[in-house]
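# Breakdown of the fold
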Amino acid sequence: MRAKKDSHSTQPAQPNQRILVIDDNRSIHDDIRKILGNPAQEDSELDMEAAALFGVEVEALMDTEFEIDSAFQGQEGLKMVQAAVKEGRPYAMAFVDVRMPPGWDGVETITRIWKLFPDLQIVICTAYSDYSWADMIRKFGKTDSLVILKKPFDNVEVLQLAHTLTQKWTLSHRLQTHLDSLDHIVASRTEELQSANARLRQEMGERAQAEKELRQSEERFARAFQASPIPMAIQSLGSELYIDVNDAFLAISGWERADIINHTPDELKISSNPGLRTLVIEQLRQGKAVRNFECPLRTRAGETRECVISAEAFRLGEEMVALIATLDVSEQRSLEKQLRHSQKLEAVGQFAAGVAHDFNNILTVIQGHASIHLAADNLDRGVAESLNHVSVAAERAAALTRQLLSFSRKQVIQMRALNLNDVVKNLDGMLSRLIGEHIELRCNFAKKLPGVWADQSNVEQIVMNLVVNARDAMPTGGKLTIQTKVNNIDDAHVSKHPQARTGTYVCVSVTDTGTGMSPETMNRIFEPFFTTKEVGKGTGLGLATVYGIAAQHEGWIEVASQLKKGSTFHIYLPASAEIPLQADGSSGEELRGGSETILVVEDEPAVREIMTHVLRDYGYDVLEAADGPTALVVWSKKHREIDLLVTDIVMPNGMSGNAVAERLQSEKSALKVIFSSGYSSNFATHADPQNGFINFLEKPYKPEVLVRAVRDCLDS
């Protein structure tokens, strides 16, 4: 085991010939200096013996020069040893006398020196046997750095010890330096290994943490992937094989997981347009994301679903894959299509209502003048026949206009509680004559059917139009079924039919076994003037009228049809708690006039002229106004005399008939009012349908209708 290193052991281990002589006898110093300081003065025989002893060339031996210092007491020797080490030039060996009175003896001196510098080679010089070898062993312990030299000593022996011990010190220090270097290297490498090991442990910990987080991330992704309500698939960008799909994808596609994994979309024929999926894959291979790309999907059953897909490419292990999310927008597209269709019908309805308004004014003038001349005495037969044709044509034109108004929901209606079973039963005879003997008519009426709040003539028109439509779809015969039932409409039904509303509804269904309709035809059947019949055999207003009447009654219509398998029309009307009543009979009383004062407000001059002419013929005093502001001027002068206001509803110059009536009645509450219009969305919307529209004249009307309405209003 190596002794503990001292500070000097770290110095470079160069050849060291420094020798310290510690002896109280100066002659000893001189003798040793003489022997070691000038070896060239010795005889050649001595040189040869020394060279043979040390195994070196005589020249090399003679070149050795020792540096010799002297100390005469032990304390002085210790200080010189300390100074040499501090200087960086330590002594390799020391000759120490055993006896050095009056201070430390040699043993004490050596003991003190070795406590500080244990690698100093010591030669004990003694002429007496003060200490035996055993005593020294007990004193110093076993050591290879101590040699005993008996006085008087031989020159060769001194020279031998000097060479041997200085070389030993040099070799020992060289070894020590090498060992120190090795220790430094080992310590450095150990530190590097410990640092590397610490880094490795840290990296292993970080890797373990990363792997844990990766597993957690993969687990979260897997759970989110499988639980996502959006159909998702992972597909290889190289082979295009499906790697995994979630449950939502299986639900929309209709496939089992085992049937999809490791197969391509082309193998499964999962895309109704493979070229679109090829575009998606190519874009992903170029590193581009895909967002909301329209790509129809074909299910296992062969049904095509309208879908949009979004996809992102990423690396999974050593392979590039694509995460593809598929959103089924079939219902959304269907709703959008229905909404666009409804908006188109609404726009057409607005146009139709505008046309009907002006047309009804014209028909009112035609009908009025024809009726006035037909009522004249001694009328030429030919003229009377001609006027009758005019009157009939006006009636037909008025019926056509009413259909336009029904479609556009601008027709003013007479609401009452009805039982739809009774309405259909009352039409039974007429319907049988209408469809002919080649068509079998069946009626299935629900028991305890609740009433509906509706206009009877409009409901009858719905049934008549649907029956005529069904008859025309069965030119060679078939079966026609009319059914009534009660339906509770829920949110699921509303989600498929945007016009529907939740609640309880009475449904009238008309089913035929006729030719049916294609999807393209079904998209247009409610458009006014659209017809599949030959020219001259249909106006194209039948179903449009049904659509408008249903909407005006806060209901809707649904259609199901297939080519060559017939069609079914369902009309839904809100159920009412009111008890259904019988229809009012028409009045057959004789026309009566009067002498009251009537204010007629009408913006159409021809209509205003015919109204004033008829009323004056029946004895009334008539005041005229072309618009609301003019009516206020007339009222300001004659308000005490005026008993009745007959006003058009839609008028120019910023004042409607409703506003005129409110203004005049606010000043004279007893004033009677009759409204008149070819159509009126505002009046029909804001009036209370349960109170009926007793004081309303729908254009066009005959003079006798005007006279009867005026008399009834004044007498009410």
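Numbers given for residues are sequential positions, taken from 1 along each chain in its written order. Note on the predicted model: pLDDT of at least 70 is required for a residue's local features to be given, and 80 or more for side-chain atom pairs to be given and counted; whole-chain, interface and lining totals, by contrast, use all residues. With hydrogens and water set aside, each side-chain value is computed from the structure's full complement of heavy atoms.

To continue, consider a nonpolar patch on the surface. Each patch is built from salt-bridge-free residues with over 30% relative accessible area, joining like charges within 9 Å and nonpolar side chains (Val, Leu, Ile, Met, Phe, Trp, Tyr) within 5 Å. Each accessible area value is a Shrake-Rupley result obtained with a 1.4 Å probe; residue values ignore everything except the protein chains displayed when judging cover. Here, a salt bridge means any side-chain nitrogen of Lys or Arg that lies within 4 Å of a carboxyl oxygen of Asp or Glu. A surface patch of nonpolar side chains, amounting to about 210 Å² of accessible area, comprises Ile-362, Ile-366 and Val-390. Note that Ile-366 resides in helix H12 (residues 330-374). Overall, the relative accessible area of 34% leaves Ile-366 in the partly exposed class. Helix and strand definitions here come from DSSP, where helices need a minimum of 4 consecutive H or I residues and strands a minimum of 2 consecutive E residues; each element is numbered from the N-terminal end. Type-normalised accessible area, obtained with a 1.4 Å probe on protein chains alone, sets the label of each residue: buried when under 20%, exposed when over 50%, and partly exposed for intermediate values.

Looking now at the pairing of strand S22 (residues 642-648). When you tally the buried positions in S22, you get 6 out of 7 residues, the bulk of the element. Strand direction decides the pairing type here: strand S20 (residues 597-601) and S22, joined by 5 bridges, are parallel. Bridge assignment links Leu-599 to a residue of S22, and that residue is Leu-645. Pairs of strands are assigned from DSSP output, requiring at least two bridges between the strands. One ladder, built from 5 bridges, connects S22 with strand S23 (residues 672-677); its direction is parallel. For Leu-644, the partnering residue across the bridge sits in S23 and is Lys-672.

According to the stated counting rule, one finds 23 salt bridges in the structure shown. Glu-240 is paired through a salt bridge with Arg-285; the nearest N and O atoms lie 3.3 Å apart. Of the two residues, Glu-240 is situated in the loop between strand S6 (232-236) and strand S7 (242-245) and Arg-285 in helix H11 (residues 274-285); the sequence distance between them amounts to 45 residues. With a shortest N-O distance of 2.8 Å, Arg-305 and Asp-328 are connected by a salt bridge. Taken together, the positions of Arg-305 in strand S10 (residues 304-305) and Asp-328 in strand S12 (residues 319-328) put the pair 23 residues apart, joining distant regions of the chain. Linked through salt bridges whose partners overlap, the residues forming this network are Arg-18, Glu-67, Asp-69, Glu-87 and Arg-89.

The strand order across the open sheet built from 5 strands is S7-S6-S12-S11-S8, with neighbouring strands paired in antiparallel fashion. Unpaired on one side and paired on the other, S7 and strand S8 (290-294) mark the two borders of the sheet. Across this sheet, the average inter-strand angle for adjacent strands is 25 degrees, counted without regard to direction. Where S8 and strand S11 (residues 307-316) come together, 3 bridges link them in antiparallel fashion. Along S11, the bridge assignment pairs Phe-293 with Ile-309. Taken strand by strand, H11 contacts S6, S7, S8, S11 and S12, and its axis lies near 170 degrees from that of S8. Angles run from 0 to 180 degrees between N-to-C directions of axes, and those axes are lines fitted to C-alpha atoms, restricted for helices to the stretch in contact. By definition, residues are in contact when any of their heavy atoms lie within 4.5 Å.

Take the environment of Ile-610 next. If you trace the backbone, Ile-610 turns up in helix H20 (residues 605-617). Considering only alpha carbons, one finds Ile-610 and His-369, 241 residues apart in sequence, at a separation of 7.2 Å. Residues within four places of Ile-610 in sequence aside, it is in contact with Gly-368, His-369 and Ile-372.

Looking now at helix H16 (residues 456-473). Side chains that are three or four residues apart share a direction in an α-helix, a result of its 3.6 residues per turn. The span you would expect from a helix comes to 1.5 Å times its residue count less one. In a regular helix each residue adds 1.5 Å, so 18 residues correspond to 26 Å; H16 covers 26 Å between its end C-alpha atoms and thus fits that length. For H16, the full list of buried residues reads Gln-456, Asn-458, Val-459, Ile-462, Val-463, Met-464, Asn-465, Leu-466, Val-467, Ala-470 and Ala-473. Its side-chain oxygen placed 2.9 Å from the backbone nitrogen of Asn-458, Asp-455 serves as the N-cap of H16. The term polar contact refers here to a pair of N or O atoms within 3.5 Å; inside protein, the definition further demands a hydrogen-donor-capable atom paired with an acceptor-capable atom, and it admits residues adjacent in sequence only when both atoms are side-chain atoms.

Turning to helix H4 (residues 74-87), a few remarks are in order. In a regular helix each residue adds 1.5 Å, so 14 residues correspond to 20 Å; H4 covers 20 Å between its end C-alpha atoms and thus fits that length. Listed as buried for H4 are Gly-74, Gly-77, Leu-78, Val-81, Ala-84 and Val-85. End-on, the buried residues of H4 take up no more than an arc of 125 degrees, which puts them together on one face. Looking at H4, the residues exposed on the side facing more than 90 degrees away from the buried face are Lys-79, Lys-86 and Glu-87. For H4, the elements touching its buried residues are strand S1 (18-22), strand S2 (67-71) and helix H5 (106-116). Gly-88, located one to two residues past H4, shows a positive phi value of around 90 degrees. Arc definition: it is the arc formed by the directions from the helix axis to the C-beta atoms.

What follows concerns the nonpolar core. Buried Ala, Val, Leu, Ile, Met, Phe, Trp, Tyr and Cys residues that are joined via side-chain atoms within 4.5 Å together make up what is termed a nonpolar core. Core analysis: the biggest nonpolar cluster contains 37 residues, and Leu-420, Leu-466, Leu-480, Ile-482 and Ile-571 have the highest contact counts within it. Of all elements in the fold, only helix H14 (420-426), helix H15 (428-435), strand S15 (451-454), H16, strand S16 (478-489), strand S17 (503-512), helix H19 (542-552) and strand S19 (566-576) reach the threshold of two or more residues within this core. No other element matches the 7 residues that H16 contributes to this core.

What follows covers the sheet that holds S23. Spatial strand order, S21-S20-S22-S23-S24: 5 strands in an open sheet with parallel pairing. Looking at which strands have only one partner, the edges of the open sheet turn out to be strand S21 (621-625) and strand S24 (696-698). Each strand axis lies, on average, 20 degrees off the axis of its neighbour in the sheet, ignoring direction. Across the face of the sheet, helix H21 (residues 628-638) comes into contact with S20, S21 and S22 while running at roughly 140 degrees to S21. Sitting on the sheet, helix H24 (residues 703-715) touches S20, S22, S23 and S24, and the angle it makes with S23 is about 150 degrees.

The subject of this paragraph is the confidence of the model for the protein chain. When pLDDT is averaged across the protein chain, the result is 80; 82% of the residues are at 70 or more. pLDDT runs from 0 to 100 and stands for how confident the predictor is about each residue. When pLDDT is averaged over each helix and strand of the protein chain, the minimum, 43, is found for helix H23 (residues 681-686) and the maximum, 93, for S17. For the stretch residues 1-12, pLDDT sits under 50, and the model shows 21 contacts to residues farther than four places along the chain or on other chains.

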